[in-house]
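# Fold and contact review
What follows is each chain in one-letter form.
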Amino acid sequence: MATIFRNAIEHGGPTVTVRVGPLPDGDGFYVEDDGPGFPAIDDGNVFDTADTTSDDGTGFGLSIVREIATAHGWEVTATGGSDGGARLEFTGVERPGDEP
């Protein structure tokens, strides 16, 4: 999660707001911000290593997020946030007490 928050601040500035909450269907959670969002979300590359919009960025941030999600058996997708920023949705999340 630290990578997501760091990305939000690096791309949205120090006043960006980050929200975390459950998905409506209960299958996971979202993390979204009110920053500038993903400029080229339709190209499907936002999770690729070295895909960055920052002159001094490495492009590892969302690639790491995808690797962590995959290691947990989750799926992660990128979309626009409710306030126009970036939103990541994590699905396939088992919570304590969920049936196996």
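Residues numbered from 1 in each chain as written. Predicted model: local features only at pLDDT ≥ 70, side-chain atom pairs only at ≥ 80, totals over all residues. Heavy atoms only, no water.

## Here's the deal with the sheet that holds strand 4 (residues 86–91)
Within a beta sheet, neighbouring strands are joined by backbone hydrogen bonds and run either parallel or antiparallel to one another. Formally: Only strands that DSSP links by at least two bridges are regarded as paired with each other. Helix and strand definitions here come from DSSP, where helices need a minimum of 4 consecutive H or I residues and strands a minimum of 2 consecutive E residues; each element is numbered from the N-terminal end. To obtain each axis, a line is fitted to C-alpha atoms, and for helices this fit is confined to the stretch in contact; angles are then taken between N-to-C directions over 0 to 180 degrees. Residue contacts are defined here by distance: any two heavy atoms, one from each residue, within 4.5 Å place the two residues in contact.
Reading across the sheet, the four strands line up as 1-2-4-3 and stay open at both edges, with antiparallel pairing between neighbours. Looking at the sheet topology across the chains shown, the edges are occupied by strand 1 (18–22) and strand 3 (75–80). Between one strand axis and the next, the sheet turns through 20° on average, direction left out of account. Across five bridges, the pairing between strand 2 (residues 28–33) and strand 4 is antiparallel. Its bridge partner being in strand 4, glycine 28 is matched across the sheet by threonine 91. Strands strand 3 and strand 4 of the sheet are contacted by helix 2 (residues 61–71), whose axis makes an angle of about 15° with strand 4.

## Here we look at helix 2
Note: α-helices contain 3.6 residues per turn, so residues at a spacing of three or four share the same orientation. Here is the rule we go by: Think of it in three bands: residues with accessible area under 20% of the maximum for their type are buried, residues over 50% are exposed, and the middle band is partly exposed, with areas taken using a 1.4 Å probe on protein chains only.
For helix 2, the complete set of buried residues consists of Gly61, Leu62, Ser63, Val65 and Ala69. Those residues of helix 2 that are buried are in contact with helix 1 (2–12), strand 3 and strand 4.

## With respect to the pattern of salt bridges
Applied cut-off: We define a salt bridge as a side-chain nitrogen of Lys or Arg found within 4 Å of a carboxyl oxygen belonging to Asp or Glu.
Per the stated rule, a full pass over the model turns up three salt bridges. Residues glutamate 32 and arginine 19 are paired through a salt bridge, measuring 3.1 Å at the closest nitrogen-oxygen approach. Of this pair, glutamate 32 sits in strand 2 while arginine 19 is found in strand 1, placing the two residues 13 residues apart along the sequence. The residue glutamate 32 makes a salt bridge to arginine 87 at a minimum N-O spacing of 3.0 Å. Taken together, the positions of glutamate 32 in strand 2 and arginine 87 in strand 4 put the pair 55 residues apart, joining distant regions of the chain. A single network of salt bridges, built from pairs that share partners, joins Arg19, Glu32, Arg87 and Glu89.

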